[in-house]
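Each chain, letter by letter, is given below.
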Number of protein chains: 2
Amino acid sequence: MKLKVYADRMSQPSRAILIFCKVNGIDFEEIKIELMKRQQFSPEFKEVNAMGKVPAIVDGKFKLFESHAILIYIACAFPGVADHWYPNDLFKRAKIHSVLDWHHSNLRFGAAKFVLNSILGTALGIPLNPQAAAEAEKILSASLQKIESFWLKGNGRFLLGSNQPSIADLSLVCEIMQLEVLDEKDRIRILGPHKKVQQWIEDTKLATRPHFDEVHKILFKIKEYLHKQPSAGASSDSKPPLQSKM
Amino acid sequence: MKLKVYADRMSQPSRAILIFCKVNGIDFEEIKIELMKRQQFSPEFKEVNAMGKVPAIVDGKFKLFESHAILIYIACAFPGVADHWYPNDLFKRAKIHSVLDWHHSNLRFGAAKFVLNSILGTALGIPLNPQAAAEAEKILSASLQKIESFWLKGNGRFLLGSNQPSIADLSLVCEIMQLEVLDEKDRIRILGPHKKVQQWIEDTKLATRPHFDEVHKILFKIKEYLHKQPSAGASSDSKPPLQSKM
């Protein structure tokens, strides 16, 4: 039975799973769960993931959610996945776990909160909150600085000084890619100072082409939609919610 | 060379690592990094963990931080650790990763934010924030409910229906244990409705005795200190910061 991936391409961890499966030639079925239509709360999807979140997978009788756990499972369960994605080596693997754990309360927390409170809330019917956005920007910028100065140190093009990407590169780069929906001045202010991060994003795109660009197309549609809306400072109550164009 | 564990017993992930090493008979050295004295920012400790956080380990030349990554590393690197802590089985291991990943943005986020904003801030010179505490309580209570109804479902005494504890049981129970420092009325309101969670905490204590109680002694000293202070509603600026009694 084919692997089923329940995903919404608007969600950055969903995109990471989809790209990973495509890059590794895994035979899978993408099942769209549209967050804008609240399909993650449907009784059918609750059977897949009682937490009501995407991404989630079903592999035969086995169900799993949480994107890092899914990436690790797929890397281990499907024999065609090259070792560099999730090395067998105890020490390399431990470092990848460390990056992935760090991701949760740092890069993910800062990026998701900033995007929600500075622009995406508009599409979700949630009022924008400039103070929350400012707090989130501090965490986001500090996280990018740590990636630049610590996780990307060494001569390799990828995290932990590696010359080939791991699941951590894919997960973190997909997280950062959501900044594409921001106003250009915000995006440039936040990403501009981090030249190594910018190069690493390009290297990760290159290493996962053409799937990376294909799966990320939706972001540019969202950006177009968001920037057609009245200015971000206004109350968002009167704006129609964004319909996913997947 | 002996494994070095850099920890402050006031930190719940530090306690999880210490208990895990002791229960599994691992020969290690506990190196105290006192958060109250800001020792995590010392140049010496920055050589161990550039992020300035505990716990961290050094095993020979290998350095690692993030508690989940450390638990997995120790379980794999030290041959004496029983399989139930971090099973070799692909599916069981994947489920443990899923619990650990879920922990970050749910139980950990809610518990740490609630404790900080309802009482611990007093000792850290940070003003208490009842609104932030109320928001955190929602996340904490929802997380405990998910543990009760989802992660503890099945007939086993531990997470995922298991009859023996895994690193996920230890990590999550240590997180919940910090609620011991709360006012009794807060602790009872939050934990009271979750009978299975209470039984699971007792079962995890039993499975890791006497080390669990020994490592947690500090919590009761902190509680005693905090509850001798003027009432929590007042500004904490004038109170002397808590000195660790480790």
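Since this is a predicted model, take the numbers as computed values, not measurements.

### A few points about helix α1 (residues 12–23) of chain B
Residue and element names in this part refer to chain B.
Consideration 1: With twelve residues, α1 extends 16 Å from end C-alpha to end C-alpha; this agrees with the ideal 16 Å at 1.5 Å per step.
Consideration 2: Across the twelve residues of α1, ten count as buried, placing the element largely inside the fold.
Consideration 3: Buried within α1 are the following residues: Gln12, Pro13, Ser14, Arg15, Ala16, Ile17, Leu18, Ile19, Phe20 and Cys21.
Consideration 4: Its buried side turned inward, α1 meets β1 (3–7), β2 (28–32), α3 (67–77), α4 (90–124), α6 (167–177) and α9 (211–228).
Consideration 5: Backbone geometry just downstream of α1 places Gly25 in the positive-phi region, at approximately 65 degrees.

### Notes on unusual backbone geometry
All names here are of chain A.
Consideration 1: Here the residue pair Val54 and Pro55 is connected by a cis peptide bond, since its omega of 0 degrees sits within 30 degrees of zero.
Consideration 2: Locating Pro55 in the fold gives a position in the loop between α2 (43–48) and β3 (56–59).
Consideration 3: Following Arg209, the chain continues to Pro210 via a peptide bond in cis, the omega torsion being -5 degrees.
Consideration 4: If you trace the backbone, Pro210 turns up in the loop between α8 (195–207) and α9 (211–228).

### Some words on the packing of aromatic side chains
Consideration 1: Per the stated rule, a full pass over the model turns up 19 aromatic pairs over all chains.
Consideration 2: Ring centres of Phe150(A) and Trp151(A) lie 5.0 Å apart, and the angle between their planes is 75 degrees; this geometry places the pair in the edge-to-face category.
Consideration 3: For the ring pair Phe150(A) and Phe65(B), a centre distance of 5.9 Å and an interplane angle of 50 degrees mean the geometry is tilted. Of the two residues, Phe150(A) sits in helix α5 (residues 130–151) while Phe65(B) sits in strand β4 (residues 62–65), which places them in two different chains. For the pair Phe150(A) and Phe65(B), a shared accessibility class is recorded, and that class is buried.
Consideration 4: Each member of the aromatic cluster is reached from another via a ring pair, and the members are Phe65(A), Trp102(B), Phe150(B) and Trp151(B).

### Quick look at the sheet that holds β2(B)
All names here are of chain B.
Consideration 1: If you trace the four strands from one edge of the open sheet to the other, you get β2-β1-β3-β4, paired in mixed fashion. Every interior strand has two partners, whereas the edge strands, β2 and β4, have only one. Within the sheet, the average angular offset between the axes of one strand and its neighbour, ignoring direction, is 20 degrees.
Consideration 2: Pairing of β1 with β2, which is carried by five bridges, proceeds in the parallel orientation. Counterpart to Val5 in the pairing with β2 is Glu30.
Consideration 3: Relative to β1, α1 is tilted by about 150 degrees, and along the sheet it contacts β1 and β2.
Consideration 4: Each of β1, β3 (56–59) and β4 is contacted by α3, which is oriented at about 135 degrees to β4, the strand it contacts most.

### Regarding the environment of Gln164(B)
Residue and element names in this part refer to chain B.
Consideration 1: Locating Gln164 in the fold gives a position in the loop between α5 (130–151) and α6.
Consideration 2: On the basis of relative accessible area, Gln164 is assigned to the partly exposed category, the value being 43%.
Consideration 3: Excluding anything up to four places from it in sequence, Gln164 contacts His84, Phe158 and Asp169.

### A look at the relation of the copies chain B and chain A
Consideration 1: Note on the copies: chain B fits chain A at an RMSD of 0.0 Å, the axial shift is 0.0 Å, and the rotation between them is 180 degrees. Viewed as a symmetry operation, the transformation between the two copies matches a two-fold axis. Looking at the rotation axis and the C-alpha trace of chain B, the residue lying nearest is His104(B), at 3.2 Å.

### Side note on the interface of chain B and chain A
Consideration 1: Each side of the interface is counted separately: chain B has 28 residues, and chain A has 28 residues.
Consideration 2: In total, about 2,600 Å² of surface goes out of reach between chain B and chain A, with carbon and sulfur atoms giving 70% of it.
Consideration 3: Among the residues chain B hides against chain A, the three largest losses belong to Met51(B), Leu90(B) and Asp101(B). Together they make up 20% of the total.
Consideration 4: Counting every contact that joins chain B to chain A gives zero salt bridges.
Consideration 5: Every element with two or more residues in the side of chain B that touches chain A is listed here: β4, α3, α4 and α5 of chain B.
Consideration 6: Of all the elements, α4(B) adds the most residues to the side of chain B that touches chain A, at eleven residues.
Consideration 7: Here the side of chain B that touches chain A is composed, by residue class, of 18 nonpolar, five polar and five charged.

### Describing the side chain of Lys223(A)
All names here are of chain A.
Consideration 1: Structurally, Lys223 is set in helix α9.
Consideration 2: Here Lys223 falls in the buried class, since its relative accessible area comes to 18%.
Consideration 3: Once residues lying within four places of it in the same chain are set aside, the contact partners of Lys223 are Glu180, Val181, Leu182, Glu184 and Arg187.

### Quick look at the packing of helix α4 (residues 90–124) of chain A against α3(B)
Consideration 1: The geometry of α4(A) relative to α3(B) is characterised by a closest axis approach of 8 Å and an angle of 160 degrees between their N-to-C directions. By the angle class used here, α4(A) and α3(B) are roughly antiparallel. The handedness of the crossing between α4(A) and α3(B) comes out as right-handed. Of the residues in α3(B), those touching α4(A) at Leu90(A), Phe91(A), Ala94(A), His97(A), Ser98(A) and Asp101(A) are His68(B), Ala69(B), Ile72(B), Tyr73(B), Cys76(B) and Ala77(B).
Consideration 2: Each residue belonging to the contact of α4(A) with α3(B) can be placed in one class, and the counts come to eight nonpolar, three polar and one charged.

### Description of the domain arrangement of chain A
Residue and element names in this part refer to chain A.
Consideration 1: Domain assignment breaks chain A into domain 1 (3–81) and domain 2 (90–228).
Consideration 2: On a C-alpha basis, the centroid separation for the pair domain 1 and domain 2 is 20 Å.
Consideration 3: Contacts between the two partners involve 18 residues from domain 1 and, on the opposite side, 24 residues from domain 2.
Consideration 4: Buried surface at the junction of domain 1 and domain 2, summed over both partners, amounts to about 1,900 Å²; 72% is from carbon and sulfur atoms.
Consideration 5: Per-residue buried area on domain 1 facing domain 2 is highest for Arg15, Ile19 and His68; these three make up 33% of the total on that side.
Consideration 6: Connecting domain 1 to domain 2 are two salt bridges.
Consideration 7: Glu214 is paired through a salt bridge with Lys22; the nearest N and O atoms lie 3.2 Å apart.
Consideration 8: Seen at the junction of domain 1 and domain 2, the total is seven residue pairs in polar contact (both at pLDDT 80 or more).
Consideration 9: If you list the elements that add at least two residues to the side of domain 1 that touches domain 2, you get α1 (12–23) and α3 (67–77).

About the cut-offs
Residues numbered from 1 in each chain as written. Chains lettered and ligands numbered in written order. Predicted model: local features only at pLDDT ≥ 70, side-chain atom pairs only at ≥ 80, totals over all residues. Heavy atoms only, no water. Helix = DSSP H or I, 4+ residues; strand = E, 2+ residues; numbered from the N terminus. Expected span 1.5 Å × (residues − 1). Buried < 20%, exposed > 50% of the residue type's maximum accessible area, 1.4 Å probe, protein only. Contact = heavy atoms within 4.5 Å. Phe/Tyr/Trp six-rings, centres within 6.5 Å; stacked < 30°, edge-to-face > 60°. Pairing = 2+ DSSP bridges. Axes fitted to C-alpha atoms, helices over the stretch in contact; angles between N-to-C directions. Least-squares fit on C-alpha atoms with pLDDT ≥ 70 in both. Buried area = accessible area lost by both parts, 1.4 Å probe. Salt bridge = Lys/Arg side-chain N within 4 Å of Asp/Glu carboxyl O. Nonpolar A, V, L, I, M, F, W, Y, C, P; charged D, E, K, R; others polar. Parallel < 35°, antiparallel > 145°, perpendicular 65-115°, else oblique. Left-handed = near helix turned anticlockwise from the far one by under 90°. Domains from an automatic or database assignment. Polar contact = N/O pair within 3.5 Å; in protein donor to acceptor, adjacent residues only side chain to side chain.

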